[in-house]
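# Topology and contacts: notes
Now for the letters of each chain:
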Amino acid sequence: MDNTALFRVSLFLGIFAIMAVLEAWLPARQSVLGRASRWKGNLSMVVLGALCSRLVLPASLVGVCLWAESIHVGLFNSVNMSHWVVVAFSVLLLDMVIYWQHRLFHKIPLLWRIHKMHHADSHVDTTTGLRFHPIEIILSLFIKAVVVIAFGVPAIAIVIFEVGLNGFALFNHANIRLPQKWDHRIGMVIITQRLHRIHHSQLKEESNTNFGFSVSWWDRLFGSFKSRATMRDEDIAIGQKDYPATNDNAGIIALLKMPFNR
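Residues numbered from 1 in each chain as written. Predicted model: local features only at pLDDT ≥ 70, side-chain atom pairs only at ≥ 80, totals over all residues. Heavy atoms only, no water.

### Considering the packing of helix H5 (residues 109-119) against helix H6 (residues 134-151)
Here H5 crosses H6 at 120°, and the two axes come no closer than 8 Å. Taken as axis vectors, H5 and H6 run oblique relative to one another. Residues Leu111, Ile114 and His115 of H5 form the contact with H6, whose participating residues are Ile135, Glu136 and Leu139. In terms of residue class, the contact of H5 with H6 is built from four nonpolar, one polar and one charged. (Axes fitted to C-alpha atoms, helices over the stretch in contact; angles between N-to-C directions. Helix = DSSP H or I, 4+ residues; strand = E, 2+ residues; numbered from the N terminus. Parallel < 35°, antiparallel > 145°, perpendicular 65-115°, else oblique. Contact = heavy atoms within 4.5 Å. Nonpolar A, V, L, I, M, F, W, Y, C, P; charged D, E, K, R; others polar.)

Written as structure tokens, this is what we have:
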């Protein structure tokens, strides 16, 4: 394993461990199901997603970036700009693309069938941030690959973006609640746990808001930000009505089959 991969894995595991400890110590909400039954299915999805990504795109996004750079394809490979300005623009670009990807996965019925598996979790904790159907992982990978090629996104920007995306997903799905004054201040820039739980509400007018995985400014800029739910944070109905909180709905096979259920 090279140093970059080791750094990414170590940071991922470190953030996951911190969030898991905080959840156990100061949980914001109580789960109907036991942790073991949910975590088994949720963590299996991240493993399957990683395996599918490696099979579909063995070179990874960094490999795609190096290929585009070698043949001088992409906007940033054709303009004379400061390297770090390009990196900054690229990270912002990728983050905005993921915002719109997320929004379209809610808007387009066929894509929603795939993404719904993420929202069918009856409880939101740090493992929910890893619970995405392998089909969604592959589609997202292709979308990011197209952006990387079209704009000539540099490798360091991809690493920064993916480390940030994974870290923020673990952070804002965590089952914790920040003090209100800190939640408000941090929420001016970053999607907090409370803001993201609004997105996981069973009410469509709430789940179709706060699409950002990291920063809150895309939601503010594009009119999808919601600062308060209709109910208190501890009373929001999480999940999907057609997938009750049962062990059967939390199993690996059940999760994989969800996009194909009527």
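### Here's the deal with the nonpolar core
If you look at the biggest cluster of nonpolar residues, it comprises 21 residues, and the most contacted ones within it are Leu61, Val148, Val153, Ile158 and Phe213. Elements that contribute at least two residues to this core include exactly helix H3 (60-70), helix H4 (83-107), H6 and helix H7 (155-173). With near-sequence residues (within four places) excluded, Ile158 lies in contact with Leu61, Val62, Cys65, Val148 and Val153. Core analysis: the second largest hydrophobic core is formed by seven residues, Val124, Ile191, Ile198 and Ile238 among them. (Core = buried A, V, L, I, M, F, W, Y, C linked by side-chain atoms within 4.5 Å. Buried < 20%, exposed > 50% of the residue type's maximum accessible area, 1.4 Å probe, protein only.)

### A short note on the pattern of salt bridges
Tallying each qualifying case throughout the model produces twelve salt bridges. A salt bridge links Arg177 to Glu234, with the shortest nitrogen-to-oxygen separation between them at 3.8 Å. Within this pair, whereas Arg177 is found in the loop between H7 and helix H8 (180-187), its partner Glu234 is found in the loop between helix H11 (217-221) and helix H12 (247-250), the two being separated by 57 residues in sequence. With relative accessibility at 37%, the residue Glu234 sits in the partly exposed group. For Glu234, the salt bridge goes to Arg232, with nearest N and O atoms at 3.4 Å. One network of salt bridges, with partners in common, ties together Arg177, Arg197, Arg232, Asp233, Glu234 and Asp235. (Salt bridge = Lys/Arg side-chain N within 4 Å of Asp/Glu carboxyl O.)

### Thoughts on empty space enclosed by the protein
Counted by the stated rule, this structure contains two cavities of 30 Å³ or more. In this model, the largest cavity occupies a volume close to 70 Å³. Residue lining of the largest cavity: Leu33, Arg38, Ala120, Asp121, Ser122, Arg131, Tyr243, Pro244, Ala245, Thr246, Asn249 and Ala250, and that is the complete set. Residue composition of the lining of the largest cavity, by class: six nonpolar, three polar and three charged. Taken as a whole, the second largest cavity holds about 30 Å³ of empty space. (1 Å grid on protein atoms, 1.4 Å probe; cavity = no way out; pocket = protein on both sides within 12 Å on 5 of 7 lines; lining within 4 Å. Points joined across faces, edges and corners; volume = space filled by probe spheres on them.)

### Section: the environment of Val215
Counting through the fold element by element, Val215 comes out in the loop between helix H10 (204-207) and H11. Separated by 44 residues in the primary sequence, Val215 and Pro259 have C-alpha atoms spaced 28 Å apart. Contacts of Val215, omitting those with residues within four sequence positions, involve Asp95, Val189, Ile190 and Ile191.

### Remarks on the packing of aromatic side chains
Per the counting criterion, the structure on display carries nine aromatic pairs. Ring geometry for Trp100 and Phe222: centres 5.0 Å apart, planes at 65°, overall edge-to-face. One end of the pair, Trp100, is in helix H4; the other, Phe222, is in the loop between H11 and H12, and 122 residues separate them in sequence. Judged by relative accessible area, Trp100 falls into the partly exposed class, the value being 32%. Residue classification places Phe222 among the partly exposed residues on the basis of a relative accessible area of 29%. Between Arg185 and the ring centre of Trp182, over which it is positioned, the NZ or CZ distance is 5.1 Å. Here the guanidinium or amino end of Arg220 rests over the ring plane of Phe225, the centre of that ring lying 3.9 Å away. (Phe/Tyr/Trp six-rings, centres within 6.5 Å; stacked < 30°, edge-to-face > 60°. Lys NZ or Arg CZ within 6 Å of the ring centre and 35° of its normal.)

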